[in-house]
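An overview of the molecular structure
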Amino acid sequence: SNAYPGVTTKMLAKSVKAVMLAVPDAKQYFDSSVNCVVTGNPVRGEVLTAQREESRKALGLDERPVVLSFGGSLGASALNRAAAYMLAQSAKTGEYQHIHGYGTHDEKFLDECREFGLDVEKNPQIRLLEYIDNMPQCLSAADLVIGRAGAMTLTEIEAKAKASILIPLVRRGAAEIIEEKDLTGEALWEKVRAILSDPGRLQSLGENAGKMEVLDASDRIYRVIKSAAAK
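As a starting point, this report considers the structure included with it. (Residues numbered from 1 in each chain as written. Predicted model: local features only at pLDDT ≥ 70, side-chain atom pairs only at ≥ 80, totals over all residues. Heavy atoms only, no water.)

Counted according to the given criterion, the structure contains 15 salt bridges. Among the ionic pairs, Arg81 bridges to Glu112, the shortest N-O distance being 3.3 Å. Linking Arg81 in helix 4 (residues 77-91) with Glu112 in helix 5 (residues 109-115), this pair joins segments that are 31 residues apart in sequence. The exposure class assigned to Arg81 is partly exposed, which follows from its relative accessible area of 34%. In this structure, Arg81 engages Glu115 in a salt bridge whose closest nitrogen and oxygen atoms are separated by 3.2 Å. Residue Arg81 is located in helix 4, and its partner Glu115 is located in helix 5; the two are separated by 34 residues in the primary sequence. (Salt bridge = Lys/Arg side-chain N within 4 Å of Asp/Glu carboxyl O. Helix = DSSP H or I, 4+ residues; strand = E, 2+ residues; numbered from the N terminus. Buried < 20%, exposed > 50% of the residue type's maximum accessible area, 1.4 Å probe, protein only.)

What follows covers the sheet that holds strand 7 (residues 163-167). Reading across from one edge, 5-4-3-6-7-8 is the order of the 6 strands in this open sheet, with parallel pairing throughout. Strand pairing shows two members of the sheet lacking a second neighbour, strand 5 (126-129) and strand 8 (176-177), which therefore form its edges. With respect to the sheet, helix 4 is in contact with strand 3 (66-70), strand 4 (97-101), strand 5, strand 6 (144-148) and strand 7, its orientation differing from that of strand 4 by roughly 160°. (Pairing = 2+ DSSP bridges. Contact = heavy atoms within 4.5 Å. Axes fitted to C-alpha atoms, helices over the stretch in contact; angles between N-to-C directions.)

Below is the structure:
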């Protein structure tokens, strides 16, 4: 599922009939004798079917841009601290709406928000959640996504053709990048403002992400398995 295959995958590669890849970039890490097939990662049906306007209405969002940010179910302290600064700055103008998932193991996050001057009760456009349990809806409603560059996060961003800021790495003009070593609240906030104030850039990032998605991944995987079984 990842752009860089793990040790186990590379060990097994020469013994199997086919290695199915999420992205073409992974092929370079295998021996030329390995039968690599690009299938993409399957995407949950509820992600594909969620509609932007319906999702925004269900979530009680208005027409202001929506920023969805998260560090994974366990959170990510560096990303959370940068997000705390970003959210505090955003609260000063109320220009944007935010949904931020900070994870179940970052007890400092809410204190960091207060440290930066964010009063959540006075800013209902900012929603802070330990865990985002309606991700298909939130992803569909978002204009800009901020998160880790995990395989399934990338797959779902591409499936919904969303502009994104990813940490640490992605290429092909489909996202803006901030490596963790450069991740600060100021850097994140500057990047968010730059993207959302440039409709052309926002659209381009989303369109390029959409071009990378493989929407028939499940069918491709089935065909490879069926072919391997026949042999």
